[in-house]
Every structure is written in structure tokens, then in C-alpha cells.
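# Notes for the structure review
Each chain, letter by letter, is given below.
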Amino acid sequence: MSNYITTPIYYVNGEAHIGHAYTTFIADMMARYARLKGEETYFLTGTDEHGQKIEESAKKNGKSSQEFADEISALFKNLWDDFGISYDQFIRTTDAEHKRGVQKAFETMVANGDIYKGHYEGHYCVSCETFFPETQLIDGEFCPDCGRTTSIVKEESYFFKLSAYEQKLLDYYDAHPDFILPKSRRNEVINFVKGGLNDLSVTRTSFTWGVKLPESMNDDKHVMYVWLDALLNYITALGYGGDEERMHFWPATMQLVGKDILRFHAIYWPAFLMSLNLPLPKHIGAHGWWTRDGEKMSKSKGNVVLPREVADAYGLENFRYFMMREVPFGQDGDFSQRAFIDRINSDLSNDLGNLLNRIIGMSGKYSDFSIDSVDVAKYHTRELEEAHRILGGLESYLDEVQTHRYLEELWKVFTIGNKAIEEHAPWVKMKEGKTDEALATVALVANLLAKASVMLHPFMPQTTATIADALGFTIDTAAYNRLIAEKALLEPFVIKKVPPLFPRVEEPLMPEAPKAMIEEAPKKAEAPKKEKPEAKSDEAPGLITFDKFFETSLKVGTVVEAEEVPKSKKLLRLQVDLGEEKPRQIVAGIKEFYSAESLLNTQVCVVANLKPAKLMGILSEGMLLAAKDDEGLVLIRPESPRKAGSSIG
Ligand code: ME8
């Protein structure tokens, strides 16, 4: 049996956060599990480096696209290296072999009659690198995924005949009910395909940061659409279009993705593969979305959880355990320090850590740390059988990536151990002179710990290696075969004392998330409340310095567009010219006091450096100054017209 496990390749437009870490942890766990069983395994991760979004981010940072991609890609790679992620290959879409493979795939699609030239016109979201039909846009303009403004793009484009694959895809889903995991996501994909597939624009002429078309096309105006380029990484990594050295790993056994990119992996990707006459992956596993304390994570909110911070504060393996234990695969999960601390204290410290401490303590007292399994079967057949039944059933949970069920079941083995100690009370048996019985219970628990550690190894490799070392063995395929497959018991050994593996955590170890930004219409259109400055001894309390005041950027703007926000009693959507490249969109809660028309071409005062927020799903990039009293609200405006963008202060 050979395994090929992949993560998505991550965009190099920002640092990794816990969402990326989650996918990567699961993939790493699955690869380790397969290797533990002695199966041939290839684990791929990497970075997605082309496209307009990256080109723009690089420009903003004053770097070339390649420089920028090099930097961020290295951040991902270093993070995974520091985390001991056991990938076999870290692919970059800027790798020469990858680009060659993508060109080869394009040529093959052309040869198979699946590519034609035409024109594309549509609403494009640069941030998501995706076209959306008008019907899906919010208010006919905003991206349904990220809420940002879309723009109409019309360009010459090559198209992939996705429509030709509609029925073939439906037939495939039908014949392979576990192709999409969890199965609950299957219908969503099937309905999308049944709704009709449009041909897919697979090249762009509006930017240059992408894989060029193969020379045989004789058309250097175009670069590949980033999703075509990106999806093909899963085969170019195996040498597709080149030496094909590792192509025997194809088809992938498990391709892990977030639910946001399931459509690309369950519809476009299989269609591309069909066009290339390659078999389809066995499973596409789509996990849910992580939030922080119930809030969507975003850079603008400043509440993104960085994997390194979590690992530094709580320990890498506790972090892995928490993420894979806390959330049923496929469902959204919430990162809360409270929930994390509970898992550490209850599951890891109480259930697992204490069990190890107890047998170290007891064996120290009763047998000078020697443990012998000789009488375990005699006194503890029931417990052993029960544990073997649980351990033998675990793998089935991985078939559907149900990591939380796997761990939940595995923990029952620790419960058996803790219960056996309570029921058989070795300290009483020792007093009664039944030394064999007492030592058999200690040895039972040592065996349960050993077997459970083997099965926990893919989730917590270092910790379980330490436990195994204390129990006189090493976790490897031979140990898996002996202790799990053959259900053998440990050879006699001398247990080693280890410092507590899971110290209890009493207080959150990371700063709490910053207060969430307002998501609903503000009650008053007012200047933001400033944080009360800390009073230094030589300053009057409650007063701020000039410097502090000038941290707020106030500008005069001209309203160039104004309209009501549908279904909202309070909100108007304005486009305000602040003398920048394009007008800012500002959503203001002033509809009760001003009509949209009356604002057109008038001037307003704007807080211009406020973090963007969404009001009723619409992005607002500033705030208007206004004064309100019992008689109502009035906007603060310059006494006579000023140039758009003039600063106030
Ligand atoms: O989509 N919760 O890259 P990307 C859970 N380059 N998972 C999350 C998450 C969150 N809040 N945020 C991100 C791309 N992820 C493309 C993929 S593959 C051929 C191309 C995870 O950097 C999740 O796995 O935006 C998601 O699918 C992936 O990061 C997307 O990362």
C-alpha cells in the first residue's frame, strides 16, 4: 500500500496562521500514521506563489514578485521545519520543474481538445483570484467570499471545457461515495455541478506573474490562471511532465483542504485530471474554518492566532492535540484559550500524565522500578481485551479523518488503566501480601500506556517517544506490529522517571484577542473613542499629548457616490474621494438624517486611518465625523470647500 498525502499549497501573501497549521498537522499526522504501519508514504506541502494578488502584495512591499515570494515561502518552510512537520517535499510553484509540468499539462489538454481561445468578461475578485457570476455578488458588486470590491475584467482568454465534464463528474461522485469527505459536504458539490458548469477561463493577460504558456502555443501575452497552475502542483511534485520518477504515488490517497477551496479540488481538479487521462484522488478531505473566541480571524481585526505563538506558549504537541481533538473534521472550530487549557489539564495532565506518574511511583515502591508483564493476562484478561478492541478500531476513524473520534476512543484506554488502578488498588494488594497481583496491575497499566502511545504517536510524536523511552521501548513499525497488530505485551523492563509531561496550566498563557471590531451599524456616527491614556506622573490624567492626537488621520473628502444600503434603516454607502488613487467606500449610519442624494458632491470630514470594518457585510474604510444632540445628527464639514484629501488638525 502506498500513500500520497497533500496539503493545499499556501499563498505567499501573508504569514501562516492556525488555519494553515491545522491542515498541516492533520496531513502530518496521517503521513506519520502510514509510516508507522510501514507503508510507503509521500507527504507534500508547499507554497502557491503566482497570481495578481501576490504581484500586488509584492509591489506594495516594494519588492519584486520573486523576492517577495522567496521571503514568505521561507517563512512557511521554516515554520514547518521548526514544527517538525514530516513532509517529503516542499513544492514552490516558482520551481522550474513545476512550471515545466504545468506547461506540459496545458499542451496535453490542448491535444485532447479541451482548451479553446475566447474572451472573458466577468466580476473578478483579486483577493480570492476568482471570477463570480453576478448573481453571487453581494449588492451586485462585492465578493461573496471576502466582501471586497470586485472589478469587471474583460480579456482574451483560453478556456478549459469544464462544461464537457459535468456528467462525468456526477457519475464519478456517484460511483465513489467517499471521494468527498466528510460525506456531508458531498451534496453541496453535487448540487453545484448539477447547477451547470461554465467553461473555465484558464489564462490571463492582465498581469505577468504566472507560468507562461508552452512555447508550442506561440502566444506570450498569456499566463496561466493561478488555480490551474496551483492545482497541478500535486502531480508536478511527482515529476509529471519531467522524469515522472515519483508518479507511482499518484493517485493521492488523501488531499486535505479547507472548505473554502473544496470546489476547486472536487470539481476543477478532477476535471483537469480527466482531461490528462490520469486517475482521480481517492479522497478530498475538507475541514472547517477556525475562528478565535467566536470571531472570524482577520489581519484587519488584529486577532489572527499565529502558530508559533501558540506553540511557544502551550507547547507544540499540546497544540497539535488540541486542534485535532477539539473539532469534528469538517466542522468549524473555535480557538479559545479556555477550551485549550481544559484539554491540557483534563485529557493530557489528568488522564495521561497522571497514569504514567502513578506507575512510576508504584513500581518504584513495589519492585524497584522493574515491570514484568508475566502475570498481566492472568489477572487482567478483560481489560486487555477491551483495550485491544478499542485500539484495533481506531484506524477506521482515520478513513474519514475523524481525528476527534480517534482520540476520544483512544482516551478510553487510559480510562481502563485508571479504573483498573482504582478497582484493584495495588497498595491494598501489597499490604495483603498479594505482590503478584499488585505488580500485574502496574504492568497492565504500563502495557496500556505503551500501546496507547504507539497509536498516539502520529499526533504527538515527541511526547509519545518520551513515554516509550520511559517504558523501555522505541516507537517504530516493529513496535506497532508487536504491540498493536500482534497484541503482544512488553518485555520486562526498568521504568525511567520522567519529569511531568503535561504541567497543569492555570491562566491563559497568551494575550487575549483584541476586542472585536463592531460588526453592526454604529449607534452614533462619532469619532472613535480613544483609549484612555495612562497618566504619567507629570501629565494630567485623561489628557492626551499632541503626538497621540496626531495618530488619528482626519481628512476632508468629497462624496462622489451615495446610495442606501438595502434592508438597512440606518446605513448609507458612500464613495468618498480622499485624493487617493480611488475613492474610499464608507458605510455611515446617517440615513435617518441625510438622504443619499443630498450628500452627493458635498464635503465631509473622515477618520482615514481606522481599521476597515464590515457593516452588514459591506466593507467600510473610514468613518465620518458628526455631532449629535437631542435634535438629531449633523455632519461636521469644512466651512468652505477644500481640496479632497486635505488634512484636518
Ligand atoms: O487557498 N481555518 O491558499 P491559502 C481553517 N493557495 N483553515 C484555514 C483558515 C481558517 N481560518 N484559513 C486558511 C489557498 N486555512 C490556495 C490553495 S491549493 C492547490 C491552492 C487553510 O493560503 C485551509 O486549508 O489561502 C485553506 O484551504 C488553506 O489554508 C488556504 O490557504
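Once a new chain begins, its residue numbering starts again from 1 and follows that chain's sequence as written. The predicted nature of this model means local features are confined to residues of pLDDT at least 70 and side-chain atom pairs, given and counted, to a pLDDT of 80 or more, with totals for whole chains, interfaces and linings taken over all residues. With hydrogens and water set aside, each side-chain value is computed from the structure's full complement of heavy atoms.

For the rest of this paragraph, the subject is the overall build of the protein chain. A tally of regular secondary structure across the protein chain gives 21 helices and 27 strands. Accessible area is worked out with a 1.4 Å probe on protein chains only. A residue is then buried under 20% of its type maximum, exposed over 50%, and partly exposed in between. For the protein chain, the proportion of its 649 residues judged to be buried stands at 54%. Sequence-distant contacts, at least 24 apart, represent 75% of the contacts inside the protein chain between residues at least 6 apart. Note that accessible areas follow from Shrake-Rupley with a 1.4 Å probe, and for residues the cover is restricted to the protein chains shown. Carbon together with sulfur atoms contributes 49% to the accessible area of the protein chain, which is approximately 29200 Å² in total. Only DSSP runs of H or I covering at least 4 residues are called helices, and only runs of E covering at least 2 are called strands; the numbering of each starts at the N terminus. Residue contacts are counted whenever heavy atoms from the two residues lie within 4.5 Å of one another.

The criterion for a residue being near a molecule or strand is simple. One of its heavy atoms has to lie within 4 Å of it. Surrounding the ligand, one finds 23 residues, the nearest of these being Ile9, His17, Thr23, Asp48 and Trp290. The term polar contact refers here to a pair of N or O atoms within 3.5 Å; inside protein, the definition further demands a hydrogen-donor-capable atom paired with an acceptor-capable atom, and it admits residues adjacent in sequence only when both atoms are side-chain atoms. Within the side chain of Asp260, a nitrogen or oxygen atom sits 3.1 Å from an oxygen atom of the ligand. One of the side-chain N or O atoms of His287 is found 3.3 Å from an oxygen atom in the ligand. For the ligand, whose unbound accessible area comes to 670 Å², protein coverage reaches 93%. Among the elements of the structure, β1 (2-11), α1 (18-36), α7 (226-231) and α8 (233-236) are those that each provide at least two residues to the shell around the ligand. For the shell around the ligand, the element with the most residues is β1, which contributes 4 residues. All amino acids are sorted into three groups, where Ala, Val, Leu, Ile, Met, Phe, Trp, Tyr, Cys and Pro are nonpolar, Asp, Glu, Lys and Arg are charged, and the leftover types, Gly among them, are polar. Of the residues that constitute the shell around the ligand, the class distribution is 12 nonpolar, 9 polar and 2 charged.

What follows is about the confidence of the model for the protein chain. When pLDDT is averaged along the protein chain, the result is 91, and 94% of the positions lie at 70 or above. Here residues 516-542 is modelled with pLDDT under 50, and outside its nearest four sequence neighbours on either side it reaches 39 contacts, counting other chains as well. Residue-level confidence of the predictor is summarised by pLDDT, bounded by 0 at the bottom and 100 at the top.

With that settled, the discussion passes to a positive patch on the surface. Note that patches include only residues with greater than 30% relative accessible area and no salt bridge, and the join distances are 9 Å for like charges and 5 Å for nonpolar side chains (Val, Leu, Ile, Met, Phe, Trp, Tyr). Salt bridge, as used here: a side-chain nitrogen of Lys or Arg that lies within 4 Å of a carboxyl oxygen of Asp or Glu. Positive residues here are Lys and Arg, negative ones are Asp and Glu, while His and the chain termini are left out of the count. Taken as the charge centre is NZ of Lys, CZ of Arg, CG of Asp or CD of Glu, depending on the residue. A contiguous patch of positive charge, built from Lys60, Arg148, Lys296 and Lys299, is present on the exposed surface. In this fold, Lys60 is placed in helix α2 (residues 52-60).

Pairing of strand β25 (residues 626-629) with strand β26 (residues 632-635), which is carried by 4 bridges, proceeds in the antiparallel orientation. When the sheet's bridge partners are listed, Lys628 is paired in β26 with Leu633. Connecting β25 to the antiparallel partner β26 that follows it, the hairpin turn spans 2 residues. Only when DSSP finds a minimum of two bridges between them are two strands counted as paired.

Time to look at a negative patch on the surface. Side chains of Glu97, Asp243, Glu244 and Glu245 sit close together on the surface and give a patch of like negative charge. Secondary-structure assignment places Asp243 in the loop between α8 and β11 (254-258). Take Asp243: its relative accessible area is 53%, and that puts it in the exposed class.

We now examine the side chain of His98. Within the element layout of this structure, His98 appears in helix α4 (residues 96-111). Since its relative accessible area comes to 1%, His98 is described here as buried. Here Asp229 takes part through its side chain, which lies 2.6 Å from a polar atom of the side chain of His98. At 2.7 Å, the side chain of His98 forms a polar contact with the side chain of Thr236. In contact with His98, other than residues within four places in its own chain, are Ile91, Arg92, Thr93, Asp229, Leu232, Asn233 and Thr236.

Pairing within the open sheet is mixed, and its 3 strands lie in the order β14-β13-β15. Every other strand in the sheet has two partners, leaving β14 (295-296) and β15 (333-335) as the edge strands with one partner each.

The criterion for an aromatic pair is that two Phe, Tyr or Trp rings (for Trp, the six-membered ring) have centres within 6.5 Å, with stacked assigned to planes under 30 degrees apart, edge-to-face to planes over 60 apart and tilted to the rest. Applying the stated criterion across every chain yields a total of 32 aromatic pairs. Where Tyr10 meets Phe76, the ring centres are 5.6 Å apart and the plane angle is 15 degrees; that geometry is what we call stacked. With Tyr10 in strand β1 and Phe76 in helix α3 (residues 65-82), this pair connects stretches of sequence that are 66 residues apart. Comparing Tyr10 with Phe76 shows no difference in burial state: the two are buried. Residues Tyr124 and Phe131 carry aromatic rings whose centres are separated by 4.5 Å and whose planes lie at 50 degrees to one another, so their mutual orientation is tilted. Judged by its relative accessible area of 13%, Phe131 is buried. Three or more aromatic residues joined by ring pairs form one cluster here, namely Tyr4, Tyr42, Tyr234, Phe249, Trp250 and Trp269. A positively charged side chain is recorded as over a ring if its NZ (Lys) or CZ (Arg) lies within 6 Å of the ring centre. The angle to the ring normal must also be within 35 degrees. Against the face of Phe264 rests Arg263, its NZ or CZ located 5.5 Å from the ring centre.

Further remarks concern the nonpolar core. In this text, buried Ala, Val, Leu, Ile, Met, Phe, Trp, Tyr and Cys residues form a nonpolar core when linked through side-chain atoms within 4.5 Å. Grouped together as the largest cluster of nonpolar side chains are 179 residues, with contacts concentrated most on Trp80, Trp250, Phe319 and Leu471. The contacts of Trp80, once residues within four sequence positions are left out, are Tyr10, Ala16, His20, Ala21, Thr24, Thr45, Ile85, Tyr87 and Phe90.

What follows is about helix α6 (residues 186-194). In an α-helix, one turn spans 3.6 residues, which is why side chains three or four residues apart end up on the same side. Listed as buried for α6 are Arg186, Val189, Ile190 and Val193. Angularly, the buried residues of α6 cover 100 degrees about the axis, an arc narrow enough to put them on a single face. Considering only its buried residues, α6 is in contact with α5 (166-175), β7 (180-181) and α9 (262-275). Once α6 ends, the next one or two residues include Gly196, with phi positive near 105 degrees. In this context, the arc is that of the directions from the helix axis out to the C-beta atoms.

Between Leu181 and the following residue, Pro182, the backbone shows a cis peptide bond with an omega angle of -10 degrees. Tracing the backbone shows Pro182 in the loop between β7 and α6. Each neighbour pair has its own omega, and for Trp250 with Pro251 the value is 5 degrees, a cis peptide bond. One can find Pro251 in the loop between α8 and β11. Even without being a glycine, Glu129 presents a positive backbone phi close to 50 degrees. The residue Glu129 is located in the loop between β4 (115-125) and β5 (130-132) in this model. Positive phi, close to 60 degrees, is recorded for Lys487, a residue that is not glycine. Here Lys487 lies in the loop between α19 (477-485) and β17 (493-494).

Counted according to the given criterion, the structure contains 34 salt bridges. Here Arg92 ties to Glu49 by a salt bridge, and the two come within 2.6 Å at their closest N and O atoms. With Arg92 in strand β3 (residues 89-92) and Glu49 in the loop between β2 (40-48) and α2, this pair connects stretches of sequence that are 43 residues apart. Notably, a salt bridge pairs Asp347 with Arg343, separated by 2.9 Å at the nearest N-O pair. Within this pair, Asp347 and its partner Arg343 are both found in helix α12 (residues 337-367), separated by 4 residues, close to a single helical turn. As far as the burial class goes, Asp347 and Arg343 line up, both buried.

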